[in-house]
Amino acid sequence: MPPKPKYTKEEIVNAAYEVTREKGIDAVVAREVGKRLNTSASPIFTVWNSMEELREEVWKLAKQKYQEYMADIFDYTPAFKEFGMRWVSFAAEEPNLYRLLFLSQRNEHSPYLRFKLEFESIIAPLVEEIRKIFGLSEKDAEDLLNQMIIFANGIAAFVITDADSFFPEAVSHDLSQVCIGIVLTDKFRDGSIDMATAKEMADSCERGITPQKK
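Here the residue numbering is sequential within each chain, running from 1 through the sequence in written order. Local features are withheld for residues below a pLDDT of 70 in this predicted model, meaning they are given only at 70 or higher, and side-chain atom pairs are given and counted only at 80 or more; totals for whole chains, interfaces and linings count all residues. In computing side-chain values, all of the structure's heavy atoms are included and hydrogens and water are not.

A. Just the overall build of the protein, in detail. Looking only at helices and strands, one finds 10 helices and 2 strands in the protein. Numbering goes from the N terminus for both helices and strands, where a helix is a DSSP run of H or I of at least four residues and a strand is a run of E of at least two. Listed by position from the N terminus, the elements making up the protein come as α-α-α-β-α-α-α-α-α-α-α-β. Note on classification: 1.4 Å probe, protein chains only; a residue is buried when its accessible area is under 20% of the maximum for its type, exposed when over 50%, partly exposed between these limits. Residues counted as buried form 49% of the 214 residues belonging to the protein. Residue contacts are counted whenever heavy atoms from the two residues lie within 4.5 Å of one another. Of all intrachain contacts in the protein linking residues separated by at least 6 positions in sequence, the fraction that spans at least 24 positions is 65%. For the protein, the computed accessible surface area is about 11500 Å², with 52% contributed by carbon and sulfur atoms. The method behind every accessible area is Shrake-Rupley, applied with a 1.4 Å probe, and residues are considered shielded solely by the protein chains displayed.

B. Expanded view of the pattern of salt bridges. Each reported salt bridge corresponds to a side-chain nitrogen of Lys or Arg within 4 Å of a carboxyl oxygen of Asp or Glu. Evaluated as defined, the whole model comprises 12 salt bridges. Across the salt bridge formed by Glu 94 and Arg 21, the nearest N and O atoms sit 2.6 Å from each other. You can see Glu 94 sitting in the loop between helix H4 (79-93) and helix H5 (95-102) and its partner Arg 21 sitting in helix H1 (residues 9-23), a full 73 residues away along the chain. When its relative accessible area of 9% is taken as the criterion, Glu 94 is described as buried. Overlapping salt bridges bring together Glu 18, Arg 21 and Glu 94 as one network.

C. The environment of Glu 128, seen in detail. Structurally, Glu 128 is set in helix H7 (residues 120-134). Using a relative accessible area of 31% as the deciding quantity, one classes Glu 128 as partly exposed. Put simply, Glu 128 and Ala 141 are 13 residues apart on the chain and 7.5 Å apart in space, counted from C-alpha to C-alpha.

D. Layout of the nonpolar core. In plain words, nonpolar cores are sets of buried Ala, Val, Leu, Ile, Met, Phe, Trp, Tyr and Cys residues tied together by side-chain atoms within 4.5 Å. Grouped together as the largest cluster of nonpolar side chains are 69 residues, with contacts concentrated most on Val 33, Leu 54, Tyr 66, Phe 83, Trp 87 and Phe 115. Elements with a contribution of two residues or more to this core: H1, helix H2 (30-36), helix H3 (51-70), H4, H5, H7, helix H8 (138-159) and helix H9 (168-190).

E. The arrangement of the environment of Leu 144 in detail. Following the sequence through the fold, Leu 144 ends up in helix H8. Distance in space between the C-alpha atoms of Leu 144 and Arg 131 is 9.6 Å, their sequence separation being 13 residues. Apart from the residues lying within four places of it in its own chain, the contact partners of Leu 144 are Ile 130, Leu 136, Cys 179, Ile 182 and Val 183.

F. Main features of the confidence of the model for the protein. Averaged over the protein, the pLDDT score is 84; the fraction of residues at 70 or greater is 85%. Every residue carries a pLDDT, the predictor's confidence in it, which falls somewhere between 0 and 100. Of all the helices and strands in the protein, helix H10 (residues 195-207) carries the lowest mean pLDDT, 62, while H1 carries the highest, 95.

G. Structural view of the packing of H4 against H8. Where H4 contacts H8, the axes come no closer than 8 Å and their chain directions differ by 25°. Relative to H8, the element H4 is oriented roughly parallel. Crossing geometry of H4 relative to H8 is assigned as right-handed. Contact with H4, carried on its side by Phe 80, Phe 83, Gly 84, Trp 87, Val 88, Ala 91 and Ala 92, involves Leu 145, Met 148, Ile 149, Ala 152, Asn 153, Ile 155, Ala 156 and Val 159 of H8 and no other residues of that element. Each residue is assigned to one class: nonpolar for Ala, Val, Leu, Ile, Met, Phe, Trp, Tyr, Cys and Pro, charged for Asp, Glu, Lys and Arg, and polar for all the others, Gly among them. Here the contact of H4 with H8 is built from residues that sort into 13 nonpolar, 2 polar and no charged. Note on definitions: angles span 0 to 180 degrees between N-to-C directions of axes, and those axes are lines fitted to C-alpha atoms, for helices only across the stretch in contact. Roughly parallel means an angle under 35 degrees; roughly antiparallel means over 145; roughly perpendicular covers 65 to 115; every other angle is labelled oblique. For any pair of crossing helices, the crossing counts as left-handed if the nearer helix is rotated counterclockwise from the farther one by less than a right angle, and right-handed if it is rotated clockwise.

H. Expanded view of the side chain of Glu 129. Assignment of secondary structure puts Glu 129 in helix H7. Under the relative-accessibility criterion, Glu 129 is labelled buried at 16%. When residues no more than four places from it in sequence are discounted, the contact partners of Glu 129 are Pro 78, Ala 79 and Phe 80.

I. Structural view of H1. Multiplying 1.5 Å by the residue count of a helix minus one yields the expected span of that helix. Counted at 1.5 Å a residue, the expected span for H1 with its 15 residues is 21 Å, and the 21 Å between its end C-alpha atoms agrees. Residues Ile 12, Val 13, Ala 15, Ala 16, Tyr 17, Val 19 and Thr 20 constitute the buried set of H1. On the buried face of H1, the contacting elements are H2, H3 and H5.

Structure below.
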């Protein structure tokens, strides 16, 4: 009879997840996970056929953590701005999980497409909110969210190497500038905005758009 597992799958996944948080997914090897459980590498393979299977479960747990982190963004207005702020703050708080989810070689998709494929339930209501707030078409609203994610991903890439460089006020202001700039470009292109409205939107960028809890 095969040996009875000394640890459950959940215990091993949780240990591998904590290794990932501290050292990154590349550190998830049998010896390191065994050390976290105060045992040798052997018990790992009484439960898992390969380390790749275990790393896949770690990825799922990281995805769940991210979903929980974003769970209440729709309690804020504007939710899409709260989303952008949390995108960057998640990178500051959980740099190795962020690397795993959005900067790994898991697939070759852009940050936006990768996010869209994995977190579709968040995308649709954000696009709808942007469409309503700015009076954009669905395509233009989706393009705006795409650009915001690309920009936020760029900020996050800097933040994960230096968490002390994360200043929420600066990130808020920069995201506002990107957002308003794209909206104004769309509005000027189709001739649906007047100069007074354009000035008010630009001024709001200087003030910053801080999400407020509903």
